Structure formats: structure tokens, C-alpha cells
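# Working through the structure, step by step
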Amino acid sequence: MPFNDLDHIGPTRKGLIYEDETDALVGAAMEVYYKLGSGFLEPVYQEALALEFALRGIPFESQKELRIEYKGHILDKTYFADFLCFDKIIVEIKSLNLLTPTDWSQIINYLKVSGLKVGLLFNCGNSVKLEQKRLVV
């Protein structure tokens, strides 16, 4: 069962896995949301976030291909995560009114397929604030 620990602020955040890296990624996403606001399609936020990562010196790969293994065989079907950052954190961008468990499931599947432990899900479609979830498997 994944653990969503991004909403924990203050002393309870001590010891989070990849805390410094996820803080840097959240800061970059908040800057993009602050500058652009809501209402754009996902590709706009993806491009802006890639630029923000580069400006901040955050190592990343865009559209990281994730291959699925089943019983020792690599399937033809592949996933593409929006970003792989620091070679260990999956970042997925959405532009929806509200995130749902279906959106969380997507990043959980990316984590399972990649063997990584931490994923960040950012929703830039919320008109009130950047919606963010940190998922750990």
C-alpha cells in the first residue's frame, strides 16, 4: 500500500526518503504554477517544468520510457513517465480540476515497473493551488 506523506509538514517530515530532492522538485513545480496559474494543457506545464528543472540544475529525463517485465519477458507495451529526476524520483504532471485515485494509480504503476520508491504527482489544473501528492511504495 503506498504511503502519501507530502502533506506532513514540520517535525513529522523528518527522515522522509529523498527529502531534499523532493523539496527541490516541489519548489520548481510551485514556481511554474505561480508563474502560469491554472488553465493550460499538460504539455505546457511539462515544458515549463523542464525549463525550471534546467534553470535550477535539477537532473532530469523527460518522457522516460518504462518497460514492463512479466515472468522474465519484456512486454511490448511501455509507459512514459513525464520525468525521471535525480535518477530516482518519478514526476508526473496533470492538468485536471481534481486528482483522483486513478491518477495516483498511474504513478504507483510507474513506480512498480521502474523499481523506484518515490513519485511526485503535481496537478496544475486546480484553480486554487498546486495540488501535489508524494507517493512512496
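Here is a short report on the structure shown in this document.

Cut-off values and rules
Residues numbered from 1 in each chain as written. Predicted model: local features only at pLDDT ≥ 70, side-chain atom pairs only at ≥ 80, totals over all residues. Heavy atoms only, no water. Core = buried A, V, L, I, M, F, W, Y, C linked by side-chain atoms within 4.5 Å. Buried < 20%, exposed > 50% of the residue type's maximum accessible area, 1.4 Å probe, protein only. Helix = DSSP H or I, 4+ residues; strand = E, 2+ residues; numbered from the N terminus. Contact = heavy atoms within 4.5 Å. Expected span 1.5 Å × (residues − 1). Arc of directions from axis to C-beta.

A few words now on the nonpolar core. Leu25, Leu49, Phe53, Phe83, Val91 and Phe122 are the most contacted members of the largest nonpolar core, which has 22 residues in total. Broken down by secondary-structure element, the contributors of at least two residues to this core are helix 1 (19-36), helix 2 (42-55), strand 3 (73-85), strand 4 (89-94) and strand 5 (118-123). Counting residues per element, this core draws most heavily on helix 1, which supplies six residues. Not counting residues within four places of it along the chain, the set of residues in contact with Leu49 comprises Ala28, Ala29, Val32, Phe83, Val91 and Ile93. The next biggest cluster of nonpolar side chains, apart from the first, holds twelve residues, and it includes Leu84, Ile90, Ile107 and Tyr110.

Let us now look at helix 1. Spanning 18 residues, helix 1 covers 26 Å between terminal C-alpha atoms, matching the ideal 26 Å at 1.5 Å per step. Within the span of helix 1, buried status applies to Glu21, Thr22, Leu25, Val26, Ala28, Ala29, Val32 and Tyr33. The buried side chains of helix 1 occupy one side of the element, clustering within an arc of 160° when seen end-on. Residues of helix 1 that are exposed and angled more than 90 degrees away from the buried face: Asp20, Tyr34 and Lys35. The secondary structure elements touched by the buried residues of helix 1 are helix 2, strand 3, strand 4, strand 5 and strand 6 (131-136).

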